[in-house]
Amino acid sequence: MRLKSKAKSELFRELPSVDEVIRTSGVAELVETHGQSPVTDATRQVLARLRAEINSGLLDHSTLLLALTDLPGAIEKELLQSLSLSLRPVINATGVILHTNLGRAPLAQAALDHVLEIGPRYSNLEFDIEAGQRGKRDVHVDRLFRKLLVDADGSASVERDSAKEISTIVVNNNAAGVLLALNTLAEGGEVIVSRGELVEIGGSFRIPEVLAKSGATLREVGTTNRTRVHDYEKAINERTRALLRVHRSNFEITGFTEQPAVKELSELARQRQIPLVEDLGSGALVDLQNFGIGGESTVLDSLRAGVDVVTYSGDKLLGGPQAGLLSGRAELIGRMRKNSLFRALRVDKLTYAALEATLLAYVKRDHDAIPALRMMRLSTQEIGRRAEALTKSLLASAPKWKAEVVDGESVIGGGAAPSSVLLTQLVSLSRPDLSADELAVRLRHCDPPIITRVEEGRLLLDLRTVFPDQDSAVLEALQHLA
Ligand SMILES: *Cc1c(COP(=O)(O)O)cnc(C)c1O
């Protein structure tokens, strides 16, 4: 041990100082092009990395010498990395459409165009052009939500007397939406939730914790698998401020289960004059049944069933930017708008621009303009055709690969319709010289990185989530994989 630490201290002594490094010829040139301070920073980083490597025994005398000869190269690499963007595009070949780690819903082109129009210039974000005075930022999307949530199929499905008027506000995300709704309606009082709905959604969103932050007290009713309307009814007391219903997202309870219909809960809420709030999670604006996906009710379904306030995400099934939407009775939404928390949770012009253009696509019923919906609607045949073409070209040009097209399933993600199956055709890949895990690592290091699935020793690509104009980039990356 002593010998080892003695050897280490000798290695440490061979490390030059930052000043010494900066005066060497290769590095001095870098200072001329990039300036003193970024080069000094990069040099510090590189030397710190070498120190850490000595410390953990990764370097001996000869490998350290080698590293020191290439110091200018390492510093330049560090410099370029620190001066380049860290957030960058990847190719999603996982088949998970709403992949939270990969940015959830890709934006529609129209959303991007509108962001480009609004972002770099001034806009009427909070300015009423007719009146020439201050306006409200929510009007830009509220008018579209009114069309989508009231007039959806031309029939007046949600009653239109003023008490039932529906309005919508936008906050940073659905977690913020739930927080705002509960804080506005129930701070200092009780909120009744079924024990079967006290879930944690990915990324540490836990219903009991959000409730605590809102200043309301959780009143649990029922059991994990069965809760009846009567359980809610028994728990109502003079401190009750809201009934909360939560979409269980990725978590399913099957077998001996019972959960009241939303309609039953809303009738109870109406009788007792207590608002019913629903955290719908994904929040579809169109019936996914039209695309062959069952088990996911829409925002309009909830409002029709009498829910007073529905909260949902902008970047899940809706297919827009990150946002939290609160749609419901105008009087309650108005109270939320007046809450000072709303000021803290509001979103900027870029979000409004992207959201407005996305909603406009819904109003025009142009669902294919929204990438997440388009991916859901892609047929197995269409995906299979692209998978076959990719496989064929790969086998013809890079004989090292073993490749075939196999049946598989895509995933919607975002906690939506977890039990529904989206059939797909996968490209299944393997190579004699590299394991599937090693292949996945190498594909992640491509530019742009390609994110794949590994199952049972095979590398799988699902082209459902790959944009068709990226197929050639995937093929090229596979051809050139050393
Ligand atoms: C996804 C989800 C959330 C969190 O939404 P964010 O927009 O990510 O904040 C909350 N509740 C449910 C039921 C969800 O599915």
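The structure we're discussing is the one just above.
The rules behind each value
Numbers given to residues run from 1 along each chain, matching the order in which its sequence is written. Confidence filtering applies because this is a predicted model: local features only for residues at pLDDT of at least 70, side-chain atom pairs given and counted only at 80 or more, and all residues used for totals across whole chains, interfaces and linings. For the side-chain quantities, the full set of heavy atoms in the structure was used; hydrogens and water were omitted. In this text, near means that some heavy atom of the residue lies within 4 Å of the molecule or strand in question. Here a polar contact is recorded for every N or O atom pair within 3.5 Å, except that within protein the pair must consist of a potential hydrogen donor and a potential acceptor, and residues adjacent in sequence are included only if both atoms are side-chain atoms. Per-residue accessibility takes into account occlusion by the displayed protein chains alone, with areas from the Shrake-Rupley method and a 1.4 Å probe. Each helix is a run of DSSP H or I of at least 4 residues and each strand a run of E of at least 2, with the numbering of both proceeding from the N terminus. Here an angle of 0 to 180 degrees is reported between the N-to-C directions of two axes, which are lines fitted to C-alpha atoms, with helices fitted over the stretch in contact. In this scheme the handedness of a crossing depends on how the near helix is turned from the far one: anticlockwise by less than a right angle means left-handed, clockwise means right-handed. We call two residues in contact when some of their heavy atoms are within 4.5 Å. Basic side-chain nitrogens of Lys or Arg form a salt bridge, by our definition, when they fall within 4 Å of a carboxyl oxygen of Asp or Glu. Using a 1.4 Å probe on the protein chains alone, a residue whose accessible area is under 20% of its type maximum counts as buried, one over 50% counts as exposed, and one in between counts as partly exposed. Between any two strands, pairing holds if DSSP finds at least two bridges. For a crossover, the right-handed case is the one in which the path from the first strand over the helix to the second runs clockwise, viewed with the strands pointing away from the viewer. We call Phe, Tyr and Trp rings a pair once their centres come within 6.5 Å, taking the six-membered ring for Trp, and we label the pair stacked below 30 degrees between planes, edge-to-face above 60, and tilted otherwise. A ring is considered to have a charge above it if a Lys NZ or an Arg CZ atom is located within 6 Å of its centre and within 35 degrees of its normal. Here the nonpolar core consists of buried residues drawn from Ala, Val, Leu, Ile, Met, Phe, Trp, Tyr and Cys, with membership extended through side-chain atoms lying within 4.5 Å.

Caption draft 1: Main features of the site of the ligand. In the region of the ligand, the neighbouring residues are Arg104, Asn173, Asn174, Ala175, Ile201, Phe205, His247, Ser249, Asp279, Gly281, Ser313 and Lys316. One of the side-chain N or O atoms of Arg104 is found 2.9 Å from an oxygen atom in the ligand. Here Lys316 contributes a side-chain N or O atom positioned 2.8 Å from an oxygen atom of the ligand. The protein chains hide 93% of the 380 Å² of surface that the ligand would expose on its own. Elements supplying a minimum of two residues to the shell around the ligand: α9 (174–186) and β11 (276–281).

Caption draft 2: Representation of the packing of helix α7 (residues 109–118) against helix α16 (residues 349–363). With their axes 8 Å apart at the nearest point, α7 and α16 run at an angle of 145° to one another. As for how α7 packs across α16, the hand of that crossing is right-handed. Contact residues: Ala110, Ala111, His114, Val115 and Ile118 in α7; Lys349, Leu350, Ala353, Ala354, Glu356, Ala357 and Thr358 in α16.

Caption draft 3: The arrangement of the pattern of salt bridges in detail. Per the stated rule, a full pass over the model turns up 30 salt bridges. For the salt bridge of Arg346 with Glu126, the shortest nitrogen-to-oxygen distance reads 3.6 Å. With Arg346 in the loop between α15 (340–345) and α16 and Glu126 in the loop between α7 and β3 (127–128), this residue pair connects regions lying 220 residues apart in the sequence. Of the residues examined, Arg346 reaches a relative accessible area of 30% and is grouped as partly exposed. A salt bridge links Arg329 to Glu331; the shortest N-O distance between them is 3.1 Å. We classify Arg329 as partly exposed; its relative accessible area is 26%. By relative accessible area, Glu331 is classed as partly exposed at 45%.

Caption draft 4: Spatial organisation of the sheet that holds strand β2 (residues 96–98). Strands sit in the order β2-β14-β15-β18-β17 across an open sheet of five strands; the sheet is mixed. Looking at the sheet topology across the chains shown, the edges are occupied by β2 and β17 (453–455). In this sheet, adjacent strand axes meet at a mean angle of 40° when their direction is disregarded. Where strand β14 (residues 402–413) lies against strand β15 (residues 422–430), nine bridges are found, and the strand directions are antiparallel. By the bridge assignment for β15, Val406 is matched with Leu426. Across the sheet, helix α19 (residues 436–444) lies against β15, β17 and β18 (458–462), angled at about 45° from β18, the strand it touches most.

Caption draft 5: Just the environment of Leu280, in detail. In this fold, Leu280 is placed in strand β11. By relative accessible area, which is 2% here, Leu280 ends up buried. Sequence-wise, Leu280 and Thr298 are 18 residues apart; in three dimensions their C-alpha atoms are separated by 8.6 Å. Sequence-distant contacts of Leu280, defined by excluding residues within four places in its chain, comprise His247, Ser297, Thr298, Val299, Ser302, Val310 and Thr311.

Caption draft 6: Quick look at the environment of Pro89. Looking at the element boundaries, Pro89 is found in the loop between α6 (71–82) and β1 (91–92). Looking at Pro89, the relative accessible area reads 63%, which means it is exposed. Put simply, Pro89 and Gly103 are 14 residues apart on the chain and 9.7 Å apart in space, counted from C-alpha to C-alpha. Those residues within four positions of Pro89 in sequence are excluded, and the remaining contacts are Pro448 and Pro449.

Caption draft 7: Representation of the environment of Leu325 in the model. As for its placement among the helices and strands, Leu325 is situated in strand β13 (residues 324–329). When the C-alpha positions of Leu325 and Pro432 are compared, they lie 50 Å apart, and in sequence the two are 107 residues distant.

Caption draft 8: Geometry of the pairing of strand β12 (residues 309–313). Most of β12 sits out of view: five of its five residues are buried. Because side chains alternate across β12, one face comprises the buried residues Val309, Thr311 and Ser313, and the other comprises Val310 and Tyr312, equally buried. Pairing geometry for β11 and β12, over four bridges, is parallel. What sits directly across from Val277, in β12, is Val309. Each parallel crossover has a hand, and for β11 linked through helix α13 (residues 299–304) to β12 it is right-handed. Sheet topology places β12 next to β13; five bridges connect them, and they run antiparallel. Its bridge partner being in β13, Thr311 is matched across the sheet by Leu326.

Caption draft 9: Layout of the sheet that holds strand β9 (residues 217–221). Strands sit in the order β5-β13-β12-β11-β10-β6-β9 across an open sheet of seven strands; the sheet is mixed. Single-partner strands in this sheet number two, and they are β5 (166–171) and β9. Taken pair by pair, the neighbouring strands of this sheet meet at an average axis angle of 25°, ignoring direction. Inspection of the sheet shows strand β10 (residues 240–246) paired to β11 by four bridges, in the parallel sense.

Caption draft 10: Fine view of the packing of aromatic side chains. Inspection of the entire model under this criterion finds one aromatic pair. Its guanidinium or amino end placed over the ring of Phe256, Arg226 lies 3.8 Å from that ring's centre, counting from NZ or CZ. It is Arg431 that lies over the ring of Trp401; its NZ or CZ is 4.9 Å from the centre.

Caption draft 11: Spotlight on the nonpolar core. Residues Leu243, Leu285, Tyr312, Leu359, Met376 and Ile412 are the most contacted members of the largest nonpolar core, which totals 57 residues. Per element, the largest residue contribution to this core is six residues, and it comes from helix α8 (residues 139–150). Core analysis: the second largest hydrophobic core is formed by 30 residues, Val193, Phe205, Val210 and Leu244 among them.

Caption draft 12: Just the side chain of Thr351, in detail. Here Thr351 is to be found in helix α16. A distance of 3.0 Å separates the side chain of Thr351 from the side chain of Asp348, its partner in a polar contact. Beyond its immediate sequence surroundings of up to four residues, Thr351 is in contact with Pro321, Gln322 and Ala323.

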